[in-house]
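Structure assessment
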Amino acid sequence: MECRGGAAMERLDGLLTWSLGAVARLLPPERREWAEAVQQEAAHLPGGWPRLDWLAGGLWLVVREAHVVRKFVYWAGIGGVAAIAGWALWRSWTNVPRIDVEVGTDRVRLLVAATALIALPWIGRRRGWFGPVGNSVAARLGRVAGCAAIWSPALYLVRLDKQTGQTGYSPGGINWLQEIGGLVLLAAVVTVPLIIKAMRPAAETSTLWSLSGMAAVIVLVILPVQMLAIVYIAGILLATSRRSVVTSASLIGGAIAGLVAALITNQLASHVEELGLAVFGLMVLVILLAAVPAGTISAWLVSGHQDQAELREARIRQGLLAGTVAGACCGLVAVTFEMFMVFAMVLGPAAGLVGGALGGAFADQHQLPRRDGSRAAGFFVSSS
Amino acid sequence: MPRRANFSAQTLALLGALAGEPSSWRHGYDLARETGLKSGTLYPILVRLADRGIVEASWEAEQPAGRPRRHLYRLTSDGLAAATAALAAAAGLQPAAVPGPKREQRPAPAPRRSPSRRRLAGEGT
């Protein structure tokens, strides 16, 4: 059909038709016929604006169905994390005193974290523990923001290294026995419960992982600090993967509670000279108290279990997870303010776990109003 | 308990257009003109309705001279019942009170290349 509006309109028409054909490849194969349908229908429309409008609608269809915006934002976030990591490494190599044993320790720390950031998602893609990322916005944001936050203490270290000898900060020399031993211990904490379960199937899974979690907290205290980065990156990827048992409510509730706790602990940290060692106890208390509402809310929102005992178990589990997320988030943010708050990265999740368990226990008997609603059908068709 | 389907105003407009001629295969531009929906709104709704088994889609069996084949749409049997119920509910009437359009014998559609007839449990039919 002849295009009204001259050569420019015709060129635009051709461009949009070509673009629609090209971007249709972003759709899964079973959806491509819909883009083709719009494209072929356009050939039956009068030329000019009506056809351009129609083709633009087809492009919008592809953007919606292929989740183009979501993919773009996610990959932009991943790119941002990679850029921060690259910047930290580059600054560590260029802006700090050269050939200094202690500075070398921090370089190893940065390299270990960068390796974990690259290696764990790769392992996750192959085995499914760490990836792919969950479908919710909370999972995607949590993954990107968490991995970016890991690099905040790294940049802090780089800044300290630049002033080596002036700040009193000393990362210490590198101890390869401790480095390798740390990795072995960490691997043991993860694999021992699996081995015990394989050898004794009757063993209670939750007990095994609880013991493993407690061992991990103790082990973290004696591990070199870079192991924390590995544990945190692994934890962030596990919590936000598609297989994760952590619900969006637990992720969001835990993150908000953690941020609030971090702001309060930051205020406490500024009074460390007046309060002395009591400040650390207060910080743990703050994390614990912040984790309680996070655990309560996430447990409160759990539904979909017919059996009351199952529902109760699921609620307490989500309470524990939300509390742990709150503690970890608090530790991660607090260390950004003050490097000595690195202890919060270890004790935060433990205190959060306790607070979240309390919160989950508060909400475990809550009766939800019946809601069979679902927004799975999307914007245009919904059920409730 | 079966779920009650809540359709948006745009979806109801489209269901109304399709239910008006339930035995006819309609093409996208025809539906867009009747409902006033733009293609960027119309097609996502058609995709969702086809996923739910409310609408079936088929390519024209024969290619028109000088033009590509069109993609055609109509309500399925279940879709007609769902549309009638939804339109009646939207109008504040009981489904039984609304005389449903009589379904005629359908012509055989061209074979579909990628059928997408995922039924959602508890569709309000």
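If you're wondering where the values come from, they're calculated on a predicted model, not measured in any experiment.

**Regarding the overall build of chain B**
Check the secondary structure of chain B and you find 4 helices and 4 strands. For chain B, the residues scored as buried account for 48% of the 125 residues in total. With the model as given, the accessible surface of chain B reaches about 6,100 Å², and the carbon-plus-sulfur share is 52%.

**Remarks on the sheet that holds strand β3 (residues 55–59) of chain B**
Residue and element names in this part refer to chain B. Across the sheet, which stays open at both edges, the 3 strands sit in the order β2-β4-β3 with antiparallel pairing between neighbours. Where the open sheet ends on each side, the last strands, each with one partner, are β2 (26–27) and β3. Here β2 runs beside strand β4 (residues 71–75); their pairing, made up of 2 bridges, is antiparallel. Along β4, the bridge assignment pairs Arg26 with Tyr73.

**Brief notes about the pairing of β4 of chain B**
Residues and elements named next belong to chain B. Counting buried residues in β4 gives 5 out of 5 residues, a clear majority hidden from the surface. Both β3 and β4 contribute to a ladder of 5 bridges, which runs antiparallel. Paired with Ser58 across the strands is Leu72, a residue of β4.

**Some words on the packing of helix α13 (residues 308–337) of chain A against helix α14 (residues 342–363) of chain A**
Residue and element names in this part refer to chain A. At a minimum axis distance of 6 Å, the contact between α13 and α14 shows a crossing angle of 150°. By the criterion of interaxial angle, the relationship of α13 to α14 is roughly antiparallel. Crossing of α13 against α14: the hand is right-handed. Together, Arg315, Ile316, Gly319, Leu320, Gly323, Thr324, Gly327, Ala328, Gly331, Leu332 and Val335 of α13 and Val342, Ala344, Met345, Gly348, Pro349, Gly352, Leu353, Gly356, Ala357, Gly360, Ala361 and Ala363 of α14 make up the contact between the two elements.

**A look at the packing of helix α12 (residues 278–300) of chain A against α14 of chain A**
Residue and element names in this part refer to chain A. Relative to each other, α12 and α14 sit at 40°, their axes nearing to 6 Å. With respect to α14, the element α12 is oriented oblique. Of the two elements, α12 crosses α14, and the hand of that crossing is right-handed. Grouping the constituent residues of the contact of α12 with α14 by class yields 16 nonpolar, 8 polar and no charged.

**Structural notes on the nonpolar core**
Of all hydrophobic cores here, the largest spans 44 residues; its most connected members are Trp34 and Trp54 of chain A together with Leu42, Tyr43, Leu46, Tyr73 and Leu75 of chain B. Looking at this core element by element, the count peaks at 7 residues for helix α3 (residues 39–51) of chain B. Apart from the residues within four sequence positions on either side, Leu46 of chain B is in contact with Trp34 of chain A together with Leu14, Leu31, Val55 and Tyr73 of chain B. In terms of nonpolar packing, the next biggest core, distinct from the first, is built from 42 residues, Leu110, Ala138, Leu228 and Leu332 of chain A among them.

**A few points about helix α9 (residues 226–240) of chain A**
A rise of 1.5 Å per residue sets the reference length of α9 of chain A, with its 15 residues, at 21 Å; its end C-alpha atoms lie 22 Å apart and thus fit the reference within 8%. In terms of residue burial, α9 of chain A counts as a mostly covered element, since 12 of its 15 residues are buried.

Calculation notes
- Residues numbered from 1 in each chain as written.
- Chains lettered and ligands numbered in written order.
- Predicted model: local features only at pLDDT ≥ 70, side-chain atom pairs only at ≥ 80, totals over all residues.
- Heavy atoms only, no water.
- Helix = DSSP H or I, 4+ residues; strand = E, 2+ residues; numbered from the N terminus.
- Buried < 20%, exposed > 50% of the residue type's maximum accessible area, 1.4 Å probe, protein only.
- Areas by Shrake-Rupley, 256 points an atom, 1.4 Å probe, with all protein chains shown as cover.
- Pairing = 2+ DSSP bridges.
- Axes fitted to C-alpha atoms, helices over the stretch in contact; angles between N-to-C directions.
- Parallel < 35°, antiparallel > 145°, perpendicular 65-115°, else oblique.
- Left-handed = near helix turned anticlockwise from the far one by under 90°.
- Contact = heavy atoms within 4.5 Å.
- Nonpolar A, V, L, I, M, F, W, Y, C, P; charged D, E, K, R; others polar.
- Core = buried A, V, L, I, M, F, W, Y, C linked by side-chain atoms within 4.5 Å.
- Expected span 1.5 Å × (residues − 1).

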